[in-house]
Amino acid sequence: MPYKEKLKKPSLKPRKKPQYKVVNWTEYNKSLKKRGELSLYFPRGELRPQFINEDPYVCGIPGQQATYKQPYIELVYMFYRLFAWGM
């Protein structure tokens, strides 16, 4: 086994880790800021009509309809469970 040779001969030094130097600081800083972003792809296009009810008040029907549609509530709940976000 190759790792046992290192244990028997401590004179073998481990290989040095390569050091990288940042050349383009502006791009590096932008990448650090973007690191925490989360982007989602929705194939049906516009999100507002899919998630938010445009007419919560309908003439002739008493009361207010739900402002947020069921897929939006499920998406928020999924984020809540996956990333331990607060509601």
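Just so we're clear, the structure is a prediction, and the values are computed from it rather than from any experiment. Residue positions are given per chain, counted from 1 along the sequence in the order it is written. Reporting in this predicted model follows two pLDDT cut-offs: at least 70 for local features of residues, and 80 or more for side-chain atom pairs to be given and counted; totals over whole chains, interfaces and linings ignore these cut-offs and use all residues. In computing side-chain properties, one takes all heavy atoms of the structure into account and sets aside hydrogens as well as water.

## As for the environment of Gly-86
This is how the line gets drawn: Secondary structure is summarised from DSSP: a helix means a run of H or I of at least four residues, a strand means a run of E of at least two, and numbering begins at the N terminus for each. Exposure classes here rest on a 1.4 Å probe applied to the protein chains alone. A residue is buried below 20% of its type maximum, exposed above 50%, and partly exposed in between.
As for its placement among the helices and strands, Gly-86 is situated in the segment after α4 (70-83). Judged by its relative accessible area of 69%, Gly-86 falls in the exposed class. Expressed as a C-alpha distance, the spacing of Gly-86 and Val-76, which sit ten residues apart in the sequence, is 9.9 Å.

## Thoughts on the confidence of the model for the protein chain
Definition in use: Note: pLDDT gives the predictor's confidence per residue, expressed from 0 to 100.
Put simply, the protein chain has an average pLDDT of 80, and 87% of its residues get 70 or more. No element of the protein chain has a lower mean pLDDT than helix α1 (residues 2-8), which averages 69, and none a higher one than helix α2 (residues 25-34), which averages 90.

## Observations regarding the packing of aromatic side chains
What describes a pair of aromatic rings is the distance from one ring centre to the other and the angle between the planes of the rings. Rules: Note on ring pairs: Phe, Tyr and Trp rings are taken, using the six-membered ring of Trp, and paired if centres are within 6.5 Å. Classes follow the plane angle, with under 30 degrees stacked, over 60 edge-to-face and the rest tilted.
Counted by the stated rule, this structure contains five aromatic pairs. Taking 5.7 Å as the distance between ring centres and 55 degrees as the angle between the ring planes, the aromatic pair formed by Phe-51 and Tyr-72 counts as tilted. With Phe-51 in helix α3 (residues 48-51) and Tyr-72 in helix α4, the pair connects residues that are 21 residues apart, well separated along the chain. Considering the side-chain rings of Tyr-77 and Tyr-80, the 6.0 Å spacing of their centres and the 35 degrees angle between planes classify their relative orientation as tilted. Placement of the pair is Tyr-77 and Tyr-80 together in helix α4, with a separation of three residues, close to one helical turn.

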